[in-house]
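# Observations on the model geometry
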Amino acid sequence: MENKPIVTCAGDQGLFTSLYTSLAQQLPREPMEWRRTYGRAPKMIHLEANFVQFKEELLPKEGNKALLTFPFLHIYWTDCCDTEVYKGTVKEDMMRWQNSLRAHGSADWVIIVVETNDTKKKNKTNILPRSSIVDKIRSDFCNKQNDRCVVLSDPLKDSSRSQESWNSLLLKLRTLLLMSFTKNLGRFEDDMRTLREKRTQPGWSFCEYFMVQEELAFVFEMLQQFEDALVQYDELDALFTQYVLNFGAGDTANWLGSFCAPVCSWNGLLLRRPIDMEKRDGIQRGEASLLDLRSYLFSRQCTLLIFLLRPWEVTQRALELLHNCVQELRLLEVSVLEGALDCWVFLSCLEVLHRIEGCCDQAQLAANCSHTVGLWAYATDKLKSLGELCGLVSEKRPTSEDLNRTVDLLAGLGDERPETVNSLQSPYKKLKEALSSVEAFERHYLELSHAAMEMYRAIGRLRSARLVGKSLAEFYMKKGDPERAETFLQEALKSYVSEGWSLPVTHTRKQIAECQKLLGRTEDYLQTSALLAGDVNLTTEERKHFCQEILTFADKSEDQSHKVTLSMGVFSQLTRLQFRPATASVHSGAVLQVELTLRCLMPVAVHIQQLAASIHFDLERGGTNGRSKGNQRQTNPGTVEFHQGNSSAGPPSSSAAGPPLELDEIQDRSPSDNSLNSTGVVCKNTHLVMRLHDNISLPDTPNCVSPPAVTIQEGAQMLKVQDVTLEPGNNSILFTAPSGQPGTYTLRQLYATVGQVQFVLPHIYPSVQYEVYSQEPQLTVEPLSEPLLAGLPQMVKFTLLTGHYAVKKGDALQLSNTDTMPILPSTSSNWMLTYSNLVGESALFIQSSEKVTSISLPATPPYHTVEFLLEVLCIIPSGSDRPANESPAGVCPQMSIDCPWSIYSTLLALTFYIPFKTKHSLLSAGNRKYIQVCVQNMSDVNFTLAEVKLAEKQHASLELQSLNTKTQQLLCSKHSVFCLWEVRWKDDLPSCLQCVFSANFSPLKQDVSAFKPFHYQFQLERVTTLYSVRAEISPPAGEQHCRSGFLCGLEVCITRLTEPAEGEMAEDSKTDTDGLKTTKLMYEVADSSSNWAVCGKSSGMVLMPMVADATHKVQIEVMPLFAGHLPFPKIKVLKYLPHTAAVAIQPDPDSCVENDSLSLLDKALDDQGDTASIRSRGSVHSVGSGDQQQKGVAMPRLEPFSPGQVFNHSHTQQVLVLPATDDHILEVNAT
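Counting restarts for each chain: residues are numbered from 1 in the order of the written sequence. The predicted nature of this model means local features are confined to residues of pLDDT at least 70 and side-chain atom pairs, given and counted, to a pLDDT of 80 or more, with totals for whole chains, interfaces and linings taken over all residues. Water and hydrogen atoms play no part in the side-chain values, which are based on all heavy atoms of the structure.

### Looking at the overall build of the protein
Secondary structure summary: the protein contains 25 helices and 55 strands in total. Partly exposed residues are those whose accessible area sits between 20% and 50% of the maximum for their type, while under 20% is buried and over 50% is exposed, using a 1.4 Å probe and protein chains only. A total of 1231 residues make up the protein; the buried ones form 47% of that total. Put simply, of all contacts in the protein between residues at least 6 apart along the chain, 73% involve residues at least 24 apart. Method for areas: the Shrake-Rupley scheme with a 1.4 Å probe, in which residue coverage is limited to the protein chains shown. Just so you have it, the protein exposes about 62,500 Å², and 50% of that area is on carbon and sulfur atoms. By the criteria applied, helices consist of DSSP H or I runs no shorter than four residues and strands consist of E runs no shorter than two, each listed in order from the N terminus. Only heavy atoms matter for contacts: two residues are in contact if any of them lie within 4.5 Å across the pair.

### Section: empty space enclosed by the protein
For each structure, a 1 Å grid was placed over the protein atoms alone; sets of points admitting a 1.4 Å probe that cannot get out are labelled cavities, open sets with protein on both sides within 12 Å along at least five of seven lines are labelled pockets, and lining residues have an atom within 4 Å of a point. Grid points are joined across faces, edges and corners, and a volume is the space filled by probe spheres set on the points. Throughout the structure, instances matching the rule amount to five cavities of 30 Å³ or more. There is about 140 Å³ of room inside the largest cavity. Considering the residues around the largest cavity, the lining is formed by 14 residues, among which Asn 267, Leu 347, Arg 417, Thr 420 and Tyr 428 are closest to the centre. Of all the secondary structure elements, the ones that give two or more residues to the lining of the largest cavity are helix H11 (340-359) and helix H15 (427-434).

### Regarding the pattern of salt bridges
Salt bridges are defined as contacts in which a side-chain nitrogen from Lys or Arg sits within 4 Å of a carboxyl oxygen from Asp or Glu. A complete count under the given rule lists 46 salt bridges for this structure. A salt bridge links Arg 280 to Glu 214, with the nearest nitrogen and oxygen atoms 2.8 Å apart. In this pair, Arg 280 is assigned in helix H8 (residues 277-285) and Glu 214 in helix H6 (residues 206-222), connecting sequence segments 66 residues apart. Notably, a salt bridge pairs Glu 433 with Arg 443, separated by 2.4 Å at the nearest N-O pair. One end of the pair, Glu 433, is in helix H15; the other, Arg 443, is in helix H16 (residues 438-458), and 10 residues separate them in sequence.

### A word on the pairing of strand E41 (residues 992-1003)
Counting buried positions along E41 yields 10 of 12 residues, so the element is predominantly enclosed. In this scheme, strands are said to pair when DSSP sees at least two bridges between them. Where strand E37 (residues 943-952) meets E41, eight bridges bridge the pair, whose relative direction is antiparallel. Bridge assignment links Thr 944 to a residue of E41, and that residue is Ser 1002. Pairing geometry for E41 and strand E42 (residues 1012-1021), over 10 bridges, is antiparallel. Residue pairing in the sheet places Val 996 in a bridge with Gln 1017 of E42.

### Concerning helix H17 (residues 462-478)
Expected span of a helix, by definition, is 1.5 Å for each gap between consecutive residues, and there is one gap fewer than residues. With 17 residues, H17 extends 24 Å from end C-alpha to end C-alpha; this agrees with the ideal 24 Å at 1.5 Å per step. Across the 17 residues of H17, 12 count as buried, placing the element largely inside the fold. The complete set of buried residues in H17 reads Ser 464, Ala 465, Arg 466, Val 468, Gly 469, Lys 470, Ser 471, Leu 472, Ala 473, Phe 475, Tyr 476 and Met 477. If you follow the buried residues of H17, they end up packed against helix H13 (369-389), H16, helix H18 (482-499) and helix H19 (502-519). Directly beyond the C-terminal end of H17, a positive phi value near 80° is found at Gly 480.

### Focus: the side chain of Ser 529
Position of Ser 529 relative to the elements: it lies in helix H20 (residues 522-533). Here a polar contact is taken to be a pair of N or O atoms separated by no more than 3.5 Å, where protein atoms must pair a possible hydrogen donor with a possible acceptor and residues adjacent in sequence count only if both atoms sit in side chains. Looking at Ser 529, its side chain comes within polar contact range of the main-chain oxygen of Tyr 525, at 2.7 Å. Setting aside its immediate chain neighbours within four residues, Ser 529 contacts Phe 546, Glu 549 and Ile 550.

### Remarks on the environment of Ser 849
Counting through the fold element by element, Ser 849 comes out in the loop between strand E28 (846-848) and strand E29 (852-856). For the pair formed by Ser 849 and Asn 817, sequence separation is 32 residues and the distance between their alpha carbons is 8.5 Å.

### Here we look at the packing of helix H7 (residues 226-248) against helix H9 (residues 290-307)
What counts as an axis is a line fitted to C-alpha atoms, over the stretch in contact for a helix, and the angles between N-to-C directions run from 0 to 180 degrees. The interhelical angle for the contact between H7 and H9, taken along N-to-C directions, is 155°, at an axis separation of 9 Å. Comparing their axes, H9 and H7 come out roughly antiparallel. Of the two possible hands of crossing, H7 and H9 adopt the one that is left-handed. Only Leu 290, Leu 293, Arg 294, Leu 297, Arg 300, Gln 301, Leu 304, Leu 305 and Phe 307 of H9 make contact with H7, whose side of the interface consists of Phe 226, Ala 229, Leu 230, Tyr 233, Asp 234, Leu 236, Asp 237, Phe 240 and Thr 241. Of the residues that constitute the contact of H7 with H9, the class distribution is 12 nonpolar, two polar and four charged. Angles are sorted into four bins: roughly parallel if under 35 degrees, roughly antiparallel if over 145, roughly perpendicular if 65 to 115, and oblique for all others. Left-handed is the label given to a crossing in which the near helix is rotated counterclockwise from the far helix by less than a right angle, and right-handed is the label when the rotation is clockwise. Side-chain classes are defined by residue name, with Ala, Val, Leu, Ile, Met, Phe, Trp, Tyr, Cys and Pro counting as nonpolar, Asp, Glu, Lys and Arg as charged, and the others, Gly among them, as polar.

### What to know about the confidence of the model for the protein
The predictor rates its confidence in each residue with pLDDT, a number between 0 and 100. Averaged over the protein, the pLDDT score is 81; the fraction of residues at 70 or greater is 84%. Every residue in residues 625-632 is under pLDDT 50, and counting partners more than four places away or in other chains gives seven contacts. Within the model, pLDDT remains below 50 along residues 1141-1191, and this stretch shows 83 contacts once partners closer than five positions in the same chain are excluded.

### Re the sheet that holds strand E13 (residues 639-641)
By way of backbone hydrogen bonds, the strands of a sheet pair with one another, either parallel or antiparallel. Strands sit in the order E13-E9-E11-E17 across an open sheet of four strands; the sheet is antiparallel. At either margin of the open sheet sits one strand with a lone partner, and together these are E13 and strand E17 (729-737). Along the sheet, successive strands turn relative to each other by an average axial angle of 20°, direction set aside.

### Here's the deal with the state of the cysteines
Two cysteine sulfur atoms make up a disulfide if the distance between them is within 2.5 Å. All told, the structure shown has zero disulfides when counted by the stated rule. With no disulfide of its own, Cys 302 lies 7.6 Å from the sulfur of Cys 359, the closest cysteine sulfur. Looking at Cys 302, the relative accessible area reads 1%, which means it is buried.

### Focus on unusual backbone geometry
Between Arg 580 and the following residue, Pro 581, the backbone shows a cis peptide bond with an omega angle of 5°. You can see Pro 581 is positioned in the loop between strand E9 (572-580) and strand E10 (585-587). Residues Tyr 765 and Pro 766 are joined by a peptide bond in cis, for which omega reads 0°. Of note, Pro 766 is situated in the loop between strand E19 (757-761) and strand E20 (768-773). Phi angles above zero are rare outside glycine, and Lys 1005 is one such case at about 65°. Structurally, Lys 1005 is set in the loop between E41 and E42.

### Notes on the packing of aromatic side chains
Each aromatic ring pair is described using two quantities: the centre-to-centre distance and the angle formed by the ring planes. Aromatic contacts are taken between Phe, Tyr and Trp rings whose centres are within 6.5 Å, Trp giving its six-membered ring; a plane angle under 30 degrees counts as stacked, one over 60 as edge-to-face, and the others as tilted. Going through the model one piece at a time under the given rule, you end up with 41 aromatic pairs. With a centroid separation of 5.7 Å and an interplanar angle of 40°, the aromatic rings of Trp 204 and Tyr 209 are classed as tilted. One exposure class covers both Trp 204 and Tyr 209, and it is buried. Considering the side-chain rings of Phe 916 and Phe 1001, the 5.0 Å spacing of their centres and the 90° angle between planes classify their relative orientation as edge-to-face. With a gap of 85 residues between them, Phe 916 in strand E35 (residues 916-925) and Phe 1001 in strand E41 connect regions that are remote in the sequence. Pair check on accessibility: Phe 916 and Phe 1001 agree, each one buried. Taken together, the aromatic side chains of Trp 204, Phe 206, Tyr 209, Phe 210, Phe 240, Tyr 243, Trp 255, Phe 259 and Tyr 296 make up a single cluster linked through ring pairs. Throughout this description, the term charge over a ring refers to an Arg CZ or Lys NZ atom that lies within 6 Å of the ring centre and within 35 degrees of the ring normal. Cation over ring: Arg 148 sits above Trp 109, and NZ or CZ is 5.6 Å from the ring centre.

Printed below as a string of C-alpha cells:
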C-alpha cells in the first residue's frame, strides 16, 4: 500500500508549497522510538506524511472509524511579522481554524511561524520583533501548550541557524505525529476490542468486525509495521476458524449463513494484487462466499509475508489453507459442484507457486524446494482427481457425460484475470488445456508428477516420492500400462516393508499381483499370491482366492521338468525344532529323531508331496575321540526356537525390526473454560522410527522377487517325509535323522514340494546341528563314598563305558596286586549292565592269585555301561615319618589295570586318608618320667579304640606302667584321646627310648572282628633330668608378707642331680684348677605377665661343677607390681657354649647382646666363677655381634635344654602380695 498518514495544512498555502519538498524529504530520514500501550515492545519507525490542504470535510464525522482517511495532525502556516496584518486577518483565520478543529474534537495541531529576512524588509515601520508575534500567538492560542507554536527561521537558506531550526521543527512534527498515532490507535483498538466482545450478541456481524480490524492492519502497513499488520489478519483467521469449528460442534452463528451459500465460482487464489478490491467489497457487503473470504484473507497475508521477506512461509500457510478450506466446506455443509474444489485447489497451488517464483530467483527456488514440493504434490493429486472425474484417465475416450461435467467445471472458472492474460503458463490456461483432451491431460499430469518426485528425491524424502510414484502407478494401471506401473509399485512397497506399514503393504501387493498377472510373469505372480494368501489383513475369501491360484498352477502337469521356486517364508514358518534325544548327540548307528513345528500361513489345508531338509556333513568336527573329551566338546541345544523375524532368511536384518514407537497423548484445551478442543497422538522418537532403510538389504520374505532356485544333489543326505498335509496353524512333522557316520550334521535348507511349486527356506537360522560320535571304551574308578579311609575296607565303583567295543565272553580286567592295597574277596558283588533305560544284573566273577586279580566281564554290546563294586583295604603306614599336618594325611597306592581292548596298561591311583593324627610328649615330675600319646580323629567317622599299648623295644629292664583305666575308649569325630604311661627303671634311665604305640580301632558299633590294628613309632632322646631349679621369695626386712611396690628378695637355687654322662663330658665341660669338671649355664628371670619388675641384673652366667648335688644360688631383687597371689617370675636355664664350640644353630640377630657386653662377659668368666650381668630380655640363643658372626668369627651361644632335662619346682608356685598401704577410710553422713 502507498497510503501515508494524512496531515492537513492551513494558513498561507504559498508558504507551505515553497517548503513542501524539503519537509517531505527530511521528515522520514530519522527514526523515532514508538512506545506503545499494554506493555508492547517499543519499535523504531520512520514517519512519512501525506500533506494536504485543510478542508473541513476532511475532519472525521462522529461514528466514522476509518483510520486511513483520518488526519492525524493539523498544521497552520504563517510568516506574518506585521502587527496590523496579524490582528486584521491572520488572527481571525487562526480562530476559525481552531474552532473547526475543536468542533470535531481534534486536539492534534501545531502553528508554524516562518521568519525570513525578506519579510522584514517589506515593512520596517510596522514590523515587530519576531518574539513579539510569537508571544502574541502563544498568548492567544497556546496558553497552556506553548510547545504547539514553532518558529522556523530562514528555511530556504543554507546556514547553521536554518538547519538547527529545521531539526527542531522536524523533531516536533515527529513527536506530535507519534503522540497522535498512539492516542488514536489506542482509542481505535479499545473500540475494536469492545466490538469483538459483543460477538455473542445477536446481530453481531463478522464482516463488519473484519473491516474494522483490517483498518487497523492497514494503518500498521501504512507505518511499515508489517509484522503487526500480519498479526491482525492472523487473529481474524483464527477467529473465523473457531466459529467454523464451533459450527461443526453444533454452536451456530447467524452471520455464518451468508458463508453457507452454494459456491458458484472457483477461480482460485489471486495473489498478484496488493488488495483484491472485488472480494473486499463482497466481504464489506456481506455477500462473500467462504472461498472468497479465505482467498482475500490469504492474499493479504501473502502480501505482508513477502514484505517481511518470508516467502517460504507463504507456501506452508497455503498448504494448510487449502486443506482447511476443504474441511470447512464440509463442516458448513456448503453445496459445491463435484470437482469444483479440485479446480480451486489446483489453481491456488499454481498461483502460490507462480507468486513465489516471481519474488525469488532460480537458485533460491532450487535450494528451498522442500517448502514448495508439498504444493506441487497437492496440485498433482487434484489434477489426477479431475482427470478421473472427467474421464481422462482410462483406456477409453471421455463420454458425453464427462464432457458436460468438464464444461460445467470450466464455466465456474469465469474469465481469465487481466493479470494473467498475457502469461503463457498461467494456472488458468494450464487447467483449461489439461481438461481439453486426454493427451494434454497426460502431458500435464506426468509433468507435475515427475517434478514432485524429483523435488522429493532432492530433499531426501524418498517415502513421499514413492507415494507420488504409487499414485502414478495407479494412473498407468488405468491407462493399461502395467509394466510401468509395477516399477513404481515395487519402489513404494520397499518403503512400506522397511517401515512396517502392514496395510499399505497389503494394498500395494494386490496391485503388484494384478500387474504381474497382466504381464504374464508366473513365478513373480505366484510369489506375490503366496504372500497375499498368508496376509491376515485380507479377508478370508481373498486369501483363499490367492491360495487357489497357487494350487491351480501346482496341479498343472504340462512340464514336469520345470518347477517354480518360491520362498518358504510366504508359505509357512519354521517355529520350533526339537531333537530326540534332547542332547542332539548320539553314537553312530543310534536312532535320532527330529521334530519340526511348521506354522502354515495358508487359509486352507495344503497337501505336500514331499517335505525335505538338506544336511551338511562335517567329518572334522566329529571323530572317534569326541566322547572321551565330552566336557570339552560344544553341546548342541536339544530344542531351537525360531522367531518370526529371522526364521526365514538368514540372520535378522536391522531393517526388519525397528525401534518401538514411543507415543504420547496431546490435548488442546480452551484457555477460557479449559474445555477439550482436540486431542491427538504424537510420536516422540520419530527420528529413530522414520530413518531410511533403503540401503539395507531386506530379507527374502517381504520382497516380491523369488529367491534363487536351489538344486538338490542326488545322493545327498537329507531328512525326508512323504505326503504331508499342512493345516492352517501349527503342524508337527517327525523325521528320522541319518546317523551312520561319525561327524557333525548341520541342517541347511528346507524344501516343501506342492506339485509344480517348490517352497524353499534357503537358510535355517539359528544354525541347527546334531552330532554323531564314535566313543572309545572308557574305564573309570571312583570311590563309592568320599573320602576313602585307610585301614578300613572301602567300596570302590568301577564303571566301564564300552563305546564302539563289543565285550566278548571271556574278556577280563587284570588288576595287579599290591601290598599296600589288597583287594578283599567278596561273594555278593554283582555287575550291572545299563543301556537305553534298561538295567540287567548278574553275579561278578573274581579270581585272585599272588600277583594278579582277574575280573571277568559279561558279554556286552557296544555303547553299553557295565558297573560293579570292589572292596579294597589300604594299609596304614607306621612310623614317625608319616605326614602330620592339620588335614588328614593322604596315602596314594597305585595299581595297574590291563584291559582287553588296549595293549597298554592303565595306572589306577586312589587317595586314602589316614583317619588319625598322633602326637607324643615326655612329661617330668622331679626324677619321675611320663610318656603321653595323643590320638586325634581327623575323619567324620566315630571310632572305638581298644587294647591301647605302649612298648619300648631296646631296654627290657624298662617298665612302662599304663595309667589308662578304660580298655575301650570312644573317639568321636574331630576329637582327641590322651593316653599316659609312667616310665620306671631299676639302675639308670637310658638317655634314648625307642617306643611303639599300638591300638585296635573300628567304626562305632561294629563287631570285634571289625577291629583293625594301628601302630605309631617314635623316639625319645635326653630323657634324664640334669638340673632342678628352686626359687624362694622373701619379704622386705621387718615385713611378714611381700607388699606391692616394695623390693623383695628372689633366691634361685640350681642343683645338679646326676653325674655327667660321657657325651655330656666331651661336649661342654671344662676342667678348673682343682681338677673338677665344670660347665657354664646361663639363667634368666623374666616376667611375661608384667606382675614383677626385676631390679638389677635379670640374667647371668653360672659356672656349675659337673658332680651330683652341686648347687649354685643366685640372689635377685624383684618388685611386685600388683597385690594378690602372684605366680613366681619365670626362670630359664640355658646352656652357655663357649666360642670354641662348633656352631650348630644359626645366630639370631635380634637375640644378640652388644659388643661391649661380650668383652665384659669373657673377662668375668676368665677371672672368677661368679655371675655377670648381661642385658637381655626374653629367650637368648646367642651372645655376640651379628656382624662378627657374619664374618665367620666363632662366638659364644646359648642352647636350650631338651624337655625333661631341667625341672623347675616353682613353675606353678604363687606368693601372697599385700597392697602397699592398709588405710581404710569410712565416711558417715548423719542427717
